[in-house]
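Chain by chain, the residues:
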Amino acid sequence: MATRSRPSRSEAALGFRSHSGWAALVAVAGPLAGPAAVVRRRVELSRGTPRQPFHAAEGRPFPAAEDLIRRSTDEAQALAQREVQEAVAELRAMGHEPVASGLLLAAGRPLPGLREVLASHAFIHAAEGELFREVLREATRRCGLLLVEVRERELEDRAARSLRRPATELQRRVADWGRALGSPWTQDEKRAALVAWLALSPRE
C-alpha cells in the first residue's frame, strides 16, 4: 500500500532587536514571498545580575568589576540559550523548521579592553549593547541557525534589495503581521520581524 507523504515543513527565521537586559524576538515562517509572523516574545537576558552591568561595574575596584561582568555575561548566555532553544522548539511544534536568525547591530566601533571600557562612559554604553548581542549570536549558533547580522540603519535598504520589494510594501506587510498578532507591536517587534524576514532570503 502506498504511503502518504508528509507535507514539507516551511522554513522559519528568528529576528532579534536587543536592549540592556532583554531583547525583542519575532519569528517569521512560510514562503519567502509571503511569510507570516508566528512567534513573538520578550527575551529576558538578566535576572539576578544588573540589566546594565557595565554601568554597575563603573567605579568599582577592577577585580570586582571584572567579576560582575563575567557573572552578568554567564547569566545572559544561559538565559539566551534557553530562550532560543524554546523558540526553536515552539516553531518545530507548529510545523516550521528554523533555519536562520537575524540580529540588528549598532553602528559602533570595536571596543577596547575592559579597563579602557570602564574609563569611558561612551564605551560603557556601547559595551552594554554588545554584551547582549553577543550572547544572542552565540545562542543562535549553538542551535545551528545561520546568523545574518544587519546594521540597524541599513535594515530597510538591505531588506528592500534582498527581498526585491519597495520599502513601503515591506512596512505594510510588517504592520499587517502586527494587526494579526495583536499588541504589543512596537518598533522593537517591527524591526525584529523585518530582520527575521531578511534572514529567510538567499544569502548575498
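That block above? That's the structure.
Okay, so let's go over this structure.

Calculation rules
- Residues numbered from 1 in each chain as written.
- Predicted model: local features only at pLDDT ≥ 70, side-chain atom pairs only at ≥ 80, totals over all residues.
- Heavy atoms only, no water.
- Helix = DSSP H or I, 4+ residues; strand = E, 2+ residues; numbered from the N terminus.
- Rg over C-alpha atoms; globule rule 2.2 N^0.38 Å.
- Buried < 20%, exposed > 50% of the residue type's maximum accessible area, 1.4 Å probe, protein only.
- Contact = heavy atoms within 4.5 Å.
- Areas by Shrake-Rupley, 256 points an atom, 1.4 Å probe, with all protein chains shown as cover.
- Lys, Arg positive; Asp, Glu negative; His and termini not counted.
- Charge placed at Lys NZ, Arg CZ, Asp CG, Glu CD.
- Expected span 1.5 Å × (residues − 1).
- Phe/Tyr/Trp six-rings, centres within 6.5 Å; stacked < 30°, edge-to-face > 60°.
- Lys NZ or Arg CZ within 6 Å of the ring centre and 35° of its normal.
- Pairing = 2+ DSSP bridges.
- Axes fitted to C-alpha atoms, helices over the stretch in contact; angles between N-to-C directions.
- Arc of directions from axis to C-beta.
- Left-handed = near helix turned anticlockwise from the far one by under 90°.
- Nonpolar A, V, L, I, M, F, W, Y, C, P; charged D, E, K, R; others polar.
- Core = buried A, V, L, I, M, F, W, Y, C linked by side-chain atoms within 4.5 Å.

### Quick look at the overall build of the chain
Then step 1. What the chain contains, in helices and strands, is seven helices and five strands.
Then step 2. The helix and strand sequence of the chain, counted from the amino end, reads β-β-β-α-α-β-α-α-β-α-α-α.
Then step 3. Rg of the C-alpha trace for the chain: 18 Å, near the compact-globule value of 17 Å for 204 residues, within the 12% margin.
Then step 4. Within the span of the chain, comprising 204 residues, buried residues form 48% of the whole.
Then step 5. Sequence separation of at least 24 residues holds for 70% of the intrachain contacts in the chain that already meet a minimum separation of 6.
Then step 6. A total accessible area of about 10,400 Å² is found for the chain, and carbon and sulfur atoms account for 51% of it.
Then step 7. Charged side chains in the chain number 32 positive and 26 negative. The centres of these two groups are separated by 4 Å.

### Let's talk about helix α7 (residues 187-200)
For the α-helix, the turn length of 3.6 residues means that residues three or four positions removed from each other point alike.
Then step 1. In this model, α7 (14 residues) spans 20 Å end to end at C-alpha, consistent with the 20 Å of a helix rising 1.5 Å per residue.
Then step 2. Most of α7 sits out of view: 12 of its 14 residues are buried.
Then step 3. Buried within α7 we find Asp 188, Glu 189, Arg 191, Ala 192, Ala 193, Leu 194, Val 195, Ala 196, Trp 197, Leu 198, Ala 199 and Leu 200.

### A look at the packing of aromatic side chains
Then step 1. Going through the model one piece at a time under the given rule, you end up with one aromatic pair.
Then step 2. Here the basic side chain of Arg 42 rests over the ring of Trp 22, its NZ or CZ set 4.1 Å away from the ring centre.
Then step 3. Here the guanidinium or amino end of Arg 115 rests over the ring plane of Phe 62, the centre of that ring lying 3.8 Å away.

### Notes on the sheet that holds strand β5 (residues 146-151)
Then step 1. Spatially, the five strands line up as an open sheet ordered β3-β2-β1-β4-β5, and their pairing is mixed. This sheet does not close on itself; its edge strands, each paired only once, are β3 (36-44) and β5. Averaged over all pairs of adjacent strands, the angle between their axes in this sheet comes to 25°, without regard to strand direction.
Then step 2. Those strands touched by helix α4 (residues 121-142) are β1 (10-19), β2 (22-29), β4 (96-105) and β5, and its axis lies near 160° from that of β4.

### Examining the environment of Arg 41
Then step 1. Topologically, Arg 41 is positioned in strand β3.
Then step 2. Linking Arg 41 and Ala 87, residues 46 residues apart in sequence, is a C-alpha distance of 8.8 Å.

### What to know about the pairing of β4
Then step 1. Extensive coverage of β4 is indicated by the burial of eight of its 10 residues.
Then step 2. Pairing of β4 with β5 involves six bridges; the strand directions are parallel. Across the sheet, Ala 100 pairs through a bridge with Leu 146, a residue of β5.

### Digging into helix α6 (residues 167-181)
Then step 1. If you check α6, its first and last C-alpha atoms are 21 Å apart, about what 15 residues at 1.5 Å a residue would give, namely 21 Å.
Then step 2. Those residues of α6 not exposed but buried are Leu 170, Arg 173, Val 174, Trp 177 and Gly 178. Along the axis of α6, the buried residues cluster in a sector spanning 145°; they form a single face. Away from its buried face, by an angle of more than 90 degrees, α6 presents the exposed residues Thr 168 and Arg 179.
Then step 3. Of the surrounding secondary structure, the elements contacted by the buried residues of α6 are β2, β3, α5 (155-163) and α7.

### Digging into the packing of α6 against α7
Then step 1. Packing of α6 against α7 leaves a shortest axis separation of 10 Å and a crossing angle of 115°. The handedness of the crossing between α6 and α7 is right-handed. Contacts between α6 and α7 involve Leu 170, Arg 173, Val 174 and Trp 177 from the former and Lys 190, Ala 193, Leu 194 and Trp 197 from the latter.
Then step 2. Of the residues contributing to the contact of α6 with α7, the split by class is six nonpolar, no polar and two charged.

### Quick notes on the nonpolar core
Then step 1. If you look at the biggest cluster of nonpolar residues, it comprises 37 residues, and the most contacted ones within it are Leu 14, Phe 16, Leu 25, Leu 45, Phe 54, Val 84 and Leu 136.
Then step 2. Listing elements by their share of this core, those giving two or more residues are β1, β2, β3, α1 (53-57), α2 (62-93), β4, α3 (114-118) and α4.
Then step 3. In terms of residues, this core owes the most to one element, α2, which gives 10 residues.
Then step 4. The contacts of Leu 136, once residues within four sequence positions are left out, are Phe 16, Ser 18, Ala 23, Leu 45, Ala 80 and Leu 103.

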